[in-house]
Amino acid sequence: GENVEQHPSTLSVQEGDSAVIKCTYSDSASNYFPWYKQELGKRPQLIIDIRSNVGEKKDQRIAVTLNKTAKHFSLHITETQPEDSAVYFCAANTNAGKSTFGDGTTLTVKP
Amino acid sequence: DAMVIQNPRYQVTQFGKPVTLSCSQTLNHNVMYWYQQKSSQAPKLLFHYYDKDFNNEADTPDNFQSRRPNTSFCFLDIRSPGLGDAAMYLCATSRDGGSSPLHFGNGTRLTVT
């Protein structure tokens, strides 16, 4: 089955700096890669996603890159703000419809 | 607003006493999932339904069962809760699995006394 590794497990940055979270996956059949943000005590929510036919996608301060050959994808957050503090999960989906999650990254943005 | 609704938000049950958690959706999505999430960990998939087709994860304990009587509702039954089953239980939907994102409910936090 699919295995997703996520790094780092914790990340602390100063407000205004950039944050990068990296994930690798094992199943070459995976073709959809969503990122979820989970604030303390709340449900995970989709923040951005990328499909396997695209190498990069950007939405305001958030971008995701995908390298299918190397089987890794990354989340980039620029100009971080305190409200970006949360746990971020990457995931990889196959056509079977299951999301395999990474273990999560706790991002802390210091004001 | 179309959404995924879980009831109750907090559930306390006694060791060994059966408990049922419920989930409903107004998104008309084909796929419904149950995840277990323990503190500081990733959501762990227990099972999912693609329409009426039930898919159980290999490592989901037999203690956990699920029902999906119709498109809108899905239930999680824990037959004999143990202390290790205390967790947040998240219901999620997706339009068709595969390349569709998950829409999570707010979860039910289960406490076992």
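Below: a short report on this structure. Only a predicted model underlies this, so the values are computations on that prediction, with no experimental measurement involved.

Rules used throughout
Here the residue index of a chain counts from 1 through its sequence in written order. Each chain gets a letter, beginning with A, and each ligand a number, beginning with 1, in the order they are written. For this predicted model, a pLDDT threshold of at least 70 governs which residues receive local features, and a threshold of 80 or more governs which side-chain atom pairs are given and counted, while totals over whole chains, interfaces and linings are taken from all residues. Hydrogens and water molecules were not included; the side-chain quantities draw on all heavy atoms of the structure. Helix and strand assignments come from DSSP, with helices taken as H or I runs of at least 4 residues and strands as E runs of at least 2, each series counted from the N terminus. Burial here depends on accessible area, computed with a 1.4 Å probe over protein chains only, as a share of the maximum for the residue type. Under 20% is buried, over 50% is exposed, and the range in between is partly exposed. Only heavy atoms matter for contacts: two residues are in contact if any of them lie within 4.5 Å across the pair. Under the convention used here, a 1.4 Å probe and the Shrake-Rupley method define accessible areas, while residue burial counts only the protein chains that appear. Positive charges come from Lys and Arg, negative ones from Asp and Glu, while His and the chain ends are left out of the count. Taken as the charge location is NZ of Lys, CZ of Arg, CG of Asp or CD of Glu. Pairing of aromatic rings covers Phe, Tyr and Trp, the last through its six-membered ring, and needs centres within 6.5 Å; plane angles under 30 degrees mean stacked, over 60 mean edge-to-face, and all others mean tilted. Each of two parts loses accessible area, computed with a 1.4 Å probe, when they are put together; buried area is these two losses added. In the sections that follow, a salt bridge refers to a side-chain nitrogen of Lys or Arg positioned within 4 Å of a carboxyl oxygen of Asp or Glu.

So, the overall build of chain A
Assigned secondary structure in chain A consists of zero helices and eleven strands. Each helix and strand of chain A, placed in order from N terminus to C terminus, yields the pattern β-β-β-β-β-β-β-β-β-β-β. Across its three principal axes, chain A shows a C-alpha extent of roughly 40 × 25 × 20 Å. Every one of the 111 residues in chain A was classed for burial, and the buried ones make up 43%. In chain A, the proportion of contacts linking residues at least 24 apart, taken out of those at least 6 apart, comes to 52%. Of the roughly 5600 Å² that chain A leaves accessible, carbon and sulfur atoms contribute 45%. Between the mean site of the 12 positive side-chain charges and the mean site of the 13 negative ones, chain A shows a separation of 4 Å.

Notes on the packing of aromatic side chains
How two aromatic rings sit relative to each other is set out by the distance from centre to centre and by the angle between their planes. Residue and element names in this part refer to chain A. Applying the stated criterion across every chain, the model contains 14 aromatic pairs over all chains. Ring geometry for tryptophan 35 versus phenylalanine 73: centroids 5.6 Å apart, planes at 70°, classification edge-to-face. Taken as a pair, tryptophan 35 in strand β4 (residues 32-38) and phenylalanine 73 in strand β8 (residues 72-77) lie far apart in primary sequence, 38 residues in all. Both residues of the pair, tryptophan 35 and phenylalanine 73, count as buried. Between the aromatic rings of phenylalanine 89 and phenylalanine 101, the centroid separation amounts to 6.2 Å while the plane-to-plane angle is 90°, which identifies the pairing as edge-to-face. With a gap of twelve residues between them, phenylalanine 89 in strand β9 (residues 86-93) and phenylalanine 101 in strand β10 (residues 99-101) connect regions that are remote in the sequence. Across this residue pair, the class does not change: phenylalanine 89 and phenylalanine 101 are buried.

What to know about the interface of chain A and chain B
Counting residues at the interface gives 20 residues for chain A, matched by 20 residues for chain B. When the two sides are added together, the surface that chain A and chain B hide from each other amounts to roughly 1500 Å², 52% of it contributed by carbon and sulfur. Of all residues in chain A, A:Arg43, A:Lys98 and A:Phe101 bury the most surface against chain B, accounting for 31% of the area lost on that side. At the boundary of chain A and chain B, one finds one salt bridge. We note a salt bridge from B:Glu57 to A:Lys98, for which the minimum N-O separation is 3.1 Å.

Considering unusual backbone geometry
Following A:His7, the chain continues into A:Pro8 via a peptide bond in cis, with omega recorded as -5°. Omega for the bond connecting B:Asn7 with B:Pro8 falls within 30 degrees of zero, at -10°, which places this linkage in the cis form. Among the secondary structure elements, B:Pro8 is positioned in the loop between β1 (4-7) and β2 (10-13). Phi at A:Gln60 is positive, roughly 60°, even though this residue is not glycine.

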